[in-house]
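Inside the fold
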Amino acid sequence: MKQSSLCPRFEKGMQLLGKRWTGLILYQLLAGPQRFCALEGALPVSGRLLSERLKDLEKEGLVHRQVYTDSAPVRVEYSLTEMGLALEPVLKGIENWAQTWIELDAEEPVGCCEEKSCDE
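Residues numbered from 1 in each chain as written. Predicted model: local features only at pLDDT ≥ 70, side-chain atom pairs only at ≥ 80, totals over all residues. Heavy atoms only, no water.

Let's talk about the packing of helix α2 (residues 22-29) against helix α4 (residues 47-59)
Between α2 and α4, the least distance of the axes is 10 Å, while the angle of their chain directions is 75°. Comparing their axes, α4 and α2 come out roughly perpendicular. Contacts from Thr22, Ile25 and Leu26 in α2 reach Leu50, Arg53, Leu54 and Leu57 in α4. Of the residues assigned to the contact of α2 with α4, the class counts are five nonpolar, one polar and one charged. (Axes fitted to C-alpha atoms, helices over the stretch in contact; angles between N-to-C directions. Helix = DSSP H or I, 4+ residues; strand = E, 2+ residues; numbered from the N terminus. Parallel < 35°, antiparallel > 145°, perpendicular 65-115°, else oblique. Contact = heavy atoms within 4.5 Å. Nonpolar A, V, L, I, M, F, W, Y, C, P; charged D, E, K, R; others polar.)

What follows is the structure in structure tokens.
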């Protein structure tokens, strides 16, 4: 078996960030703490998969899960940790790269990219 010449930390980081929907979840959380239902409504992902990814990201230290028991029903918010927030330049860099280089097919929805800046 061929030995990888990649840095093991880089390889692990790419495996973590390369999981489907992970980048979009992290990007969505750049806007600040959000409840599960808000994340589910903002992303085209099933609740089961979103829950799985959030658990993975929490386990890896990128996402913080805050439970508020002072209300009924119990309220849960997700936010980025310091480690998660450190990915902001990376995610914004991918956003800028996509704005410059990625063409949308005619049948794809326009979304924010054509109507306004994604920073708004």
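Focus on the confidence of the model for the protein chain
Taken as a whole, the protein chain shows an average pLDDT of 89; of its residues, 87% reach a score of 70 or greater. Throughout residues 114-120 the model reports pLDDT below 50, and contacts reaching past four residues in sequence, or to other chains, amount to eight contacts. (pLDDT = per-residue confidence, 0-100.)

A short note on the sheet that holds strand β1 (residues 34-35)
Ordered in space as β1-β3-β2, the three strands form an open sheet in which the pairing is antiparallel. The open sheet terminates on both sides in strands that have one partner only, identified here as β1 and β2 (63-68). Two elements, β2 and strand β3 (residues 75-80), share six bridges in a ladder whose sense is antiparallel. Bridge pairing in β3 links Gln66 to Glu77. In this fold α2 packs onto β1, β2 and β3, with an angle of close to 100° to the strand it touches most, β3. (Pairing = 2+ DSSP bridges.)

So, the pattern of salt bridges
Under the counting rule described, the total for this entry stands at six salt bridges. What you see here is one network of salt bridges that share partners, running through Lys19, Arg48, Glu52, Arg53 and Asp56. (Salt bridge = Lys/Arg side-chain N within 4 Å of Asp/Glu carboxyl O.)

As for a nonpolar patch on the surface
Nonpolar side chains collect at one region of the surface, where Val90, Ile94, Trp97, Trp101, Ile102 and Leu104 lie side by side and expose about 650 Å² of accessible area between them. Its place among the elements puts Ile94 in helix α6 (residues 88-101). (Patch = residues over 30% accessible without salt bridge, like charges linked within 9 Å, V, L, I, M, F, W, Y side chains within 5 Å. Areas by Shrake-Rupley, 256 points an atom, 1.4 Å probe, with all protein chains shown as cover.)

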